[in-house]
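This is what each chain is made of:
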Amino acid sequence: MFSLMLAFSAVFTAQAATSKSTSELKKEKQTIEAELANSEKELKELSQQKSETEEYVSALRGKITLLQDKLDTLENQRDALQTEINAIQDKIERTLDDIEASQKEIDKKQAEFETVFEQYCQRLRAMYISGSVTTLEVLLESGDMSSVLTRAEMVKCVSSRDNATLDDLMKKMQEIEKEKHELELKKLELDEDKKKLDSQKTELQSSINEISASKSELSSEIAECNTLLAKLDSQKTEIKEGIEENREAIQEIENEIYRASHSAAPSGSYTPGSGTLGYPTSYRTISAGYPNYKSGGYHGGVDFPCPAGTPVYAADSGYVSLAKHLTYSYGNYIMINHGNGLSTLYAHNSSLVVSEGQAVEKGQLIAYSGSTGNSTGPHCHFEVRLNGTRVNPLNYLA
C-alpha cells in the first residue's frame with residue numbers, strides 16, 4: 001500500500017538522518033521546499049482545469065510525499081538541535097563547576113598570600129624597630145630605582161629567611177594573577193555558550209512551530225486526497241486505498257507482521273502449503289496491481305474488487321499467524337503462514353471466520369470481504385510475503 005511505502009521511507013530516512021548535522025538538514029529541507037513549490041504550482045494549474053481527476057490526485061500524492069519528507073527532515077533537525085542544546089547545557093554546567101572550583105582555589109591562595117604577607121610585614125616591622133638594616137629601610141630611604149640599586153649591599157643584609165618569604169609571596173601572587181586570568185577566560189566562554197544556547201533554543205522553537213504547521217498542512221492534504229479517491233472510486237470500478245496519516249501505527253503493524261513471519265509454528269499440527277496459491281476470491285478482476293497504482297503510488301499487493309460479504313478463501317494450507325481487527329490501515333485482516341517462509345495476507349474484511357493459531361486448508365473460508373480500515377470501497381486486498389518481504393502475488397497465483 002502507498003501508505004506503507006511512506007512509512008518505510010520515513011523510517012529509513014530517519015535512520016539515515018540521525019548522523020546528519022543541522023547544516024546538512026537545513027540544505028535538505030531547502031531542497032524539499034523547492035520541490036514542494038513546484039508541486040504547488042502543478043497542483044494550481046491542474047485545479048484550474050478539473051480537480052477531481054486522476055492526474056490531480058497523482059500530483060496531490062506527490063505533494064503529500066514531499067510534505068512527509070519535509071516533516072521527517074524537520075523532526076530530524078529538531079532532534080539534532082535538541083542534542084546540540086543538551087551538549088551546550090552540559091558544557092555550561094561543567095564551566096560553572098570549573099568557575100566555582102577556580103574561585104575557591106583563588107580564594108584559598110589569596111588567604112594564604114595574605115597570611116604570609118602579614119607574617120612578612122611583622123618580620124620587617126620587628127627588624128625596623130630593633131634597628132636592623134632591612135629591606136623596609138631601603139624602600140623608605142630610596143628616592144628612585146637607581147637609589148635602590150646603589151644600596152645592594154644593604155639589601156644583602158636581609159636574612160635568607162626574609163628573601164625566601166618574599167620569593168614565596170611573589171610566586172603566590174603570580175599564581176593568583178594567572179588563575180584570575182584563566183577565570184576571566186572561562187567566564188567569557190560561559191557568556192558565549194549562553195548566547196549560543198539562546199540562539200539554538202530560538203531555532204528549536206522555530207523548527208517546532210514549522211513542524212506543527214507542516215503537520216496541519218499534511219493532514220489537510222491527506223484528507224483532500226482521500227476524499228477525491230473516494231469520489232473517483234464511486235465513478236470507476238478501480239478500488240484505491242486512502243493514505244494513512246499515522247505512520248507510527250503503520251510501522252508497528254509491519255513490525256508485528258515481520259515478527260509473525262519469523263515466529264515458530266504453533267504446537268498443533270498443520271499442513272504446509274505447496275507454494276502454488278489459489279485465488280482468494282471468486283472474483284478475478286484486478287483493480288490495483290503490484291507494486292504500483294496506475295498513478296504511480298506504491299501498492300504492496302493486488303486488489304480484487306467484490307461486493308461486501310464475498311467469501312474470502314485461504315490461498316494455500318498453513319496456519320493463521322495473525323488475525324486482527326483494526327479501524328485503520330488493513331482493517332480486519334488475516335495472515336496465513338504456509339511454511340518455507342511464504343505467507344499470505346487478506347485485508348479490509350468485513351468479518352473474520354478463523355482465529356490465530358488455527359490450521360487451515362487450501363480453499364477454506366477464512367473471512368468475508370468488506371471495506372474496513374483505510375479503504376475507499378469493498379474489495380479483497382491480497383499480499384504475498386516471502387520471509388516477511390512483499391513479493392508479486394501474480395508469480396504465485398495459479
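Because the structure is a prediction, the values reported are computed rather than measured. (Residues numbered from 1 in each chain as written. Predicted model: local features only at pLDDT ≥ 70, side-chain atom pairs only at ≥ 80, totals over all residues. Heavy atoms only, no water.)

Along the backbone of the protein there are 8 helices and 10 strands. When burial is assessed residue by residue, the protein has 44% of its 398 residues classed as buried. Sequence separation of at least 24 residues holds for 72% of the intrachain contacts in the protein that already meet a minimum separation of 6. As displayed, the protein has an accessible area near 20,100 Å², and 51% of this comes from carbon and sulfur atoms. (Helix = DSSP H or I, 4+ residues; strand = E, 2+ residues; numbered from the N terminus. Buried < 20%, exposed > 50% of the residue type's maximum accessible area, 1.4 Å probe, protein only. Contact = heavy atoms within 4.5 Å. Areas by Shrake-Rupley, 256 points an atom, 1.4 Å probe, with all protein chains shown as cover.)

Relative to the helices and strands, Gln77 is located in helix H3 (residues 54–129). The exposure class assigned to Gln77 is buried, which follows from its relative accessible area of 5%. Ignoring anything within four residues of it in the chain, the contact list for Gln77 reads Leu25, Lys26, Lys29 and Glu203.

Strand order across the open sheet formed by 3 strands is E2-E8-E6, with antiparallel pairing between neighbours. On the outer flanks of this sheet lie strand E2 (311–313) and strand E6 (351–352), each paired with one strand and no other. One ladder, built from 3 bridges, connects E2 with strand E8 (residues 365–368); its direction is antiparallel. Paired with Val312 across the strands is Ala367, a residue of E8. (Pairing = 2+ DSSP bridges.)

On to the pattern of salt bridges. Per the counting criterion, the structure on display carries 16 salt bridges. The residue Glu217 makes a salt bridge to Lys63 at a minimum N-O spacing of 3.4 Å. Residue Glu217 is located in helix H7 (residues 160–235), and its partner Lys63 is located in helix H3; the two are separated by 154 residues in the primary sequence. Here Glu383 and Arg390 are joined by a salt bridge, their closest N and O atoms 3.4 Å apart. The pair formed by Glu383 and Arg390 is uniform in burial state, with each residue classed as buried. (Salt bridge = Lys/Arg side-chain N within 4 Å of Asp/Glu carboxyl O.)

Limitation: the analysis is restricted to geometry and does not speak to function.
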